[in-house]
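A closer look at the structure
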Amino acid sequence: MTSERLDSLQAVRMAAIGAAACAALAAGPAVAADPFPSRPVILVVPYAPGGGADILARTVAKYLGREWNQPVVVESRAGGGTTIGASYVARARADGYTLLVSVTQHAIAPSLFKQLPYDYLKDLAPVALLSDSPFILTVPERSPYANLSDLLTALQHKGSSMNFGSSGPASVPHLAGEMLNQATGAKATHIPFPGTAPAFTALLGEQIDYLFGDTSVLPSVLAGKVKALAVTTRDRSPALPNVPAMSETIPGFALSSWVGLEAPAGTPPAIVTAINATVQKILKDPDLLKSFAETAKVPLPSTPAEYGDFRKAEVEKFRALTQKIGVKLE
């Protein structure tokens, strides 16, 4: 074989190798650009199963899974006043596949703990708000208190001999109970539980006098198993139009339960935007809106930036509130 022939074959081989290398490089970005999600997504709930946040997460997971054609798994990581779940997600890989079901309590935690294993506003990226709903002031079915006025009168006379439950120390239901103490001058005893579900079980068993329950207690209210005396949103809830707002009797008494989705800081903006877009789509779904209405929830459409501003305002609001009523972790 002549040297010219060898040179020609070598040139062909080098060209083929170069073409293969270019093809490999071209394939790289294509793999990286696979649409999100391409595998199951985990929603981390910071409470025990059975509470309002858990129920909402499972509802939202169903609709997200349908849109993404991927499983969306709800995983409970309860404890630490919701900080265990938040810490877990803050340390997770920033790829959008592990999301925190964030709740009002996460905006309270920074004012309660001297040190947290994460920075709520820096280590968790806002993705989208989901809903807002009231807490419902409930008493046992056989309770002698038929309305809020009856309960207020009893608090003024019985004071510390009465008690109220909550979903945990310094939770929103605990803050609501302390606000009621402050408004009436009473000193009702706080009994914390590891979530709304066990607290509500105690209420059903008449082991506590009253509870500011989340919307997971609504079916029992509608079934007459407990009595609802008031809701904590500024206005009455469409789901309980005959139940007064606390503010109708105690001006300025207003707290609500919001829920959102957050990702580990550093999650690519394109993925955050994609998740938000899907959330905005499902928040318009008639069946989802019906489900929300049945559980006293109002959808809260938002951009990631709007949610970010909302979180900052909530952190400041609860810092002022906890200082005012002197709530401390037990």
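Structure: above.
These numbers were taken from a predicted model, which means no experiment stands behind them. (Residues numbered from 1 in each chain as written. Predicted model: local features only at pLDDT ≥ 70, side-chain atom pairs only at ≥ 80, totals over all residues. Heavy atoms only, no water.)

**Here we look at the sheet that holds strand β4 (residues 124-134)**
Taken in spatial order, the six strands make up an open sheet running β2-β1-β3-β10-β4-β11, and their pairing is mixed. Every interior strand has two partners, whereas the edge strands, β2 (72-76) and β11 (298-299), have only one. The pairing of strand β1 (residues 41-45) with strand β3 (residues 98-103) spans three bridges and is classified as parallel. Counted as the bridge partner of V44 is L100 from β3. Where helix α2 (residues 52-68) meets the sheet, it contacts β1, β2, β3, β4 and β10 (256-264), and its direction lies at approximately 160 degrees from that of β2. Contacts from helix α12 (residues 304-325) reach β3, β4 and β10 within the one sheet, and its direction differs from that of β4 by about 70 degrees. (Pairing = 2+ DSSP bridges. Helix = DSSP H or I, 4+ residues; strand = E, 2+ residues; numbered from the N terminus. Contact = heavy atoms within 4.5 Å. Axes fitted to C-alpha atoms, helices over the stretch in contact; angles between N-to-C directions.)

**Details of the packing of helix α7 (residues 172-184) against α12**
How two helices pack is summed up by the angle between their axes together with the distance between the axes. Between α7 and α12, the least distance of the axes is 10 Å, while the angle of their chain directions is 45 degrees. One finds that α7 runs oblique with respect to α12. For the crossing formed where α7 meets α12, the hand is left-handed. Packed against α7, whose contacting residues are L175, E178, M179 and Q182, the element α12 presents F318, L321, T322, K324 and I325 at the interface. (Parallel < 35°, antiparallel > 145°, perpendicular 65-115°, else oblique. Left-handed = near helix turned anticlockwise from the far one by under 90°.)

**Considering α2**
The end-to-end C-alpha distance of α2, which contains 17 residues, comes to 24 Å, matching closely the 24 Å that a straight helix rising 1.5 Å per residue would cover. The element α2 is largely enclosed, with a buried count of 12 among its 17 residues. Every buried residue of α2 is accounted for by G52, A53, D54, L56, A57, T59, V60, A61, Y63, L64, G65 and W68. Just past α2, the residue N69 takes up positive phi, approximately 55 degrees. (Expected span 1.5 Å × (residues − 1). Buried < 20%, exposed > 50% of the residue type's maximum accessible area, 1.4 Å probe, protein only.)

**Focus on the pairing of strand β8 (residues 210-213)**
Of the two faces of β8, both are covered, the one formed by Y210 and F212 as well as the one formed by L211 and G213. Taken together, the three bridges between strand β5 (residues 136-140) and β8 define a ladder with antiparallel strand orientation. Each bridged residue has a counterpart across the sheet, and for T138 the counterpart in β8 is L211. The sheet contact formed by strand β6 (residues 163-166) and β8 spans two bridges and is parallel. Looking across to β8, one finds that G165 is bridged to L211.

**Thoughts on the packing of aromatic side chains**
Applying the stated criterion across every chain, the model contains six aromatic pairs. For the pair F36 and Y97, a centre-to-centre distance of 4.9 Å together with 55 degrees between the ring planes defines the contact as tilted. Residue F36 is located in the loop between α1 (3-32) and β1, and its partner Y97 is located in the loop between α3 (83-91) and β3; the two are separated by 61 residues in the primary sequence. Y97 shares its class with F36; the two are buried. Consider the rings of W258 and F310, whose centres lie 5.2 Å apart with planes at 80 degrees: the pair is edge-to-face. With W258 in strand β10 and F310 in helix α12, this pair connects stretches of sequence that are 52 residues apart. Taken together, the ring pairs connect F36, W68 and Y97 into an aromatic cluster. The ring of Y97 is capped by R39, whose NZ or CZ atom sits 3.7 Å from the centre of that ring. (Phe/Tyr/Trp six-rings, centres within 6.5 Å; stacked < 30°, edge-to-face > 60°. Lys NZ or Arg CZ within 6 Å of the ring centre and 35° of its normal.)

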